[in-house]
Amino acid sequence: MKYDCVIVGSGPAGTVTARFAAEAGAKVLIIERRAEVGVPVLCGEGISRKIDNWGMIEGTRWIAGKMEGARIYSPDKTCVTVSAKFGGDETGYVVYRDIFDQELARHAVKAGAKIMMNTKALGLIKENGKIKGVKAKHLDEEIEIKADIVVGADGVDSKVGNWASIETTLKPNDLETCCQYTFTNVKNLDYFCEFYLGKEIAPGGYIWIFPKGKNIANVGIGILASLSEAGMAKKLLDKFIEKEERLKDAQPIRFLAGAVPVALPVETVRDNLILVGDAARHVDPITGGGLTHCLEVGKIAGEVIGKAVKEKNFSAEFLSEYETRWKEAIGKKMKRNYMVKEILLDMDDKTFNMLADSLKDYDFDEISTIGIVKALVKKHPMLLMKLRPLIKVAKES
Amino acid sequence: MGKPKAKVDETKCLACCGCISVCPQDAIYWIASKAVVDSDKCISCAICIRTCPIGAISGEGF
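Since the model is a prediction, treat every value here as computed from it, not as a measurement.

Take the interface of chain B and chain A next. At the junction of the two partners, chain B supplies 18 residues and chain A supplies 23 residues. Of all the elements in the fold, those that place two or more residues in the side of chain B that touches chain A are α1 (18-22) and α2 (47-51) of chain B. Of the residues belonging to the side of chain B that touches chain A, the class tally is 12 nonpolar, four polar and two charged.

All names here are of chain A. Note that strand β5 (residues 69-73) and strand β6 (residues 79-83) share five bridges and pair antiparallel. If you follow Arg 71 over to β6, its bridge partner there is Thr 81. The loop that links β5 with its antiparallel partner β6 comprises five residues; one of these, Lys 77, has a positive phi angle of about 70°.

Moving on to the nonpolar core. Within soluble globular proteins, side chains that are nonpolar tend to cluster in buried spots. All names here are of chain A. Counting residues in hydrophobic clusters, the biggest one holds 143 residues, and the most contacted among them are Cys 5 and Val 28. The element that contributes the greatest number of residues to this core is helix α6 (residues 291-311), accounting for 10 residues. Dropping the residues within four chain positions of it, Val 28 is found in contact with Tyr 3, Asp 4, Cys 5, Ile 7, Ala 18, Ala 21, Ala 22, Ala 113 and Lys 114.

Take the domain arrangement of chain A next. As far as domains go, chain A holds domain 1 (2-68 + 94-170 + 264-335), domain 2 (172-261) and domain 3 (341-396). Summarising the inter-unit geometry, the C-alpha centres of domain 2 of chain A and domain 3 of chain A are found 25 Å apart.

Let us look at the sheet that holds strand β13 (residues 192-196) of chain A. Residue and element names in this part refer to chain A. On the basis of which strands lie adjacent, the open sheet formed by seven strands has the order β6-β5-β13-β14-β15-β12-β16 and mixed pairing. This sheet does not close on itself; its edge strands, each paired only once, are β6 and β16 (251-261). Neighbour to neighbour, the strand axes of the sheet diverge by 15° on average, direction disregarded. Set on the sheet, helix α5 (residues 232-243) makes contact with β12 (175-184), β14 (206-211) and β15 (217-224); between it and β15 the angle comes to about 135°.

Residues and elements named next belong to chain A. Two elements in contact, helix α1 (residues 12-23) and α6, have axes whose closest approach is 7 Å; the angle formed by their N-to-C orientations is 35°. The element α1 and its partner α6 pack so that their crossing is right-handed. Two secondary-structure elements touch here, α1 through Pro 12, Ala 13, Val 16, Thr 17, Ala 18, Arg 19, Phe 20 and Ala 21 and α6 through Leu 291, Cys 294, Leu 295, Val 297, Gly 298, Lys 299, Ala 301, Gly 302, Glu 303, Ile 305 and Gly 306. Along the lines of polarity and charge, the residues of the contact of α1 with α6 split into 12 nonpolar, four polar and three charged.

Residues and elements named next belong to chain B. Per-residue confidence for chain B averages 90 on the pLDDT scale, and 94% of its residues sit at or above 70. α2 holds the highest mean pLDDT among the elements of chain B, 96, whereas strand β2 (residues 28-31) holds the lowest, 90. Interface confidence for the predicted complex, given as ipTM, is 0.94, next to a pTM of 0.94.

So, on to α1(A). Residue and element names in this part refer to chain A. With 12 residues, α1 should cover 16 Å at 1.5 Å per step; its first-to-last C-alpha distance of 16 Å lies within 8% of that length. Across the 12 residues that make up α1, a large majority, 11, are buried. Those residues of α1 that are buried are in contact with β1 (2-8), β2 (28-31), α3 (97-110), β11 (141-152) and α6. Phi for Gly 25, located one or two positions after α1, is positive at around 105°.

So, on to the environment of A:Lys137. All names here are of chain A. By the element assignment, Lys 137 lies in strand β10 (residues 130-138). Residues Lys 137 and Ile 7 lie 130 residues apart in sequence; the distance between their C-alpha atoms is 14 Å. In contact with Lys 137, not counting residues within four places along its chain, are Lys 120, Leu 122 and Glu 142.

The subject of this paragraph is the sheet that holds strand β4 (residues 63-66) of chain A. Residue and element names in this part refer to chain A. Spatial strand order, β3-β7-β4: three strands in an open sheet with antiparallel pairing. Whereas interior strands pair on both sides, the edge strands pair on one side only; in this sheet they are β3 (46-47) and β4. Where β4 meets strand β7 (residues 93-95), three bridges bridge the pair, whose relative direction is antiparallel. When the sheet's bridge partners are listed, Lys 66 is paired in β7 with Tyr 93.

Let's shift gears to the packing of helix α7 (residues 316-346) of chain A against helix α11 (residues 388-396) of chain A. Residue and element names in this part refer to chain A. One way to put it is that α7 packs onto α11 with a least axis distance of 10 Å and a crossing angle of 175°. Taken together, the axes of α7 and α11 lie roughly antiparallel to each other. Contacts between α7 and α11 involve Arg 336, Met 339, Val 340 and Ile 343 on the former and, on the latter, Pro 389, Leu 390 and Val 393. Residues of the contact of α7 with α11, tallied by class, amount to six nonpolar, no polar and one charged.

Here is what the cut-offs are and how they apply
- Residues numbered from 1 in each chain as written.
- Chains lettered and ligands numbered in written order.
- Predicted model: local features only at pLDDT ≥ 70, side-chain atom pairs only at ≥ 80, totals over all residues.
- Contact = placed C-beta atoms within 7 Å.
- Helix = DSSP H or I, 4+ residues; strand = E, 2+ residues; numbered from the N terminus.
- Nonpolar A, V, L, I, M, F, W, Y, C, P; charged D, E, K, R; others polar.
- Pairing = 2+ DSSP bridges.
- Core = buried A, V, L, I, M, F, W, Y, C linked by C-beta atoms within 7 Å.
- Buried ≥ 20, exposed ≤ 12 C-beta atoms within 10 Å, placed from the backbone.
- Domains from an automatic or database assignment.
- Axes fitted to C-alpha atoms, helices over the stretch in contact; angles between N-to-C directions.
- Left-handed = near helix turned anticlockwise from the far one by under 90°.
- pLDDT = per-residue confidence, 0-100.
- Expected span 1.5 Å × (residues − 1).
- Parallel < 35°, antiparallel > 145°, perpendicular 65-115°, else oblique.

Structure follows, in structure tokens:
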């Protein structure tokens, strides 16, 4: 078996990379250890409205609900409402991730990519120190897949990176540990994504309610692993659910656990190798959202792979165009948001309450930095002092 | 007797990848979509135990 490019993992980062590499003429194989693309869903299923402008997915089958905005609740339950016009970058749609992933896979296949299911990567094939492909197990059979480029799209627990001596082990303060119920028969839902903050509610993270239709919603929690104890995420989520009036008659139709990197990205290029998506930590360190990033970096990776195949140049130097371009697209924002994450972690509940109280009547349709600062100072002058590190980061970027 | 090692309750494990992502020893791997701890590599640091969102990993005496 010989391909130009073998991609480990059939999530969005893998299939979008596959699509654009195949469209650029590369012979591409995706391997997936599971038996179905997109299943099990391991995701809160929210995605930015930015996706509307990219033309990477059509139709509406993947959309569970179009959001009108977001509500952010401070620890004392003060609500800040953000309209879709302003908040759409973070909350646009709630999707059916299984269908979403399968649609992206369909586009990859249409472009000529092949997919091999039930195929688990075991290691890299190396000849004289050069990466030459992937050793894998397909069902019970060990196989060798030769390829000029290996793409690690193997998620938060990426092994491909490690095999190429890229350190991908996450520190506990760079990982959100999560679980989520999908509930049916939820009362009084509207099309707003809700976020609940607070050290008692979700230390170093948040609880979310993402509506998936009239009476279905994803209700989940993410907490920072460094602040977690065994089983804490589920316990805190269950405690929240017990008190939530709208969930009183609701029943779960799905329960899942997940892990989200909230870290700085790692190196993403070696000779004959590229990392994309969660494997490369392409996740927003504040929101934990990664879907749009996967689409953005996947397209860049695919295009660069296409060029590499045409030029027959698979060196890290040639492939570094990918790293340069993704850094231009999302690198700056990720770095800034990582700093903001660290600052937010240091803020106490009282500060969040003051923040929410200052912003609860703010018209986010006419957002401006000066306007926000004015609103903050007017109600709680002390905030200016507390938020100094944040304002510094905002100024620098 | 060595130190107690982390152990995954495979009836509870939901394959979230959290423990595997944070293990500093690369001591946790997949068998049939369940996390399994390699007790030879485990250094009893308990990071995986604290990380597991549903409490599926235990280690007596940690």
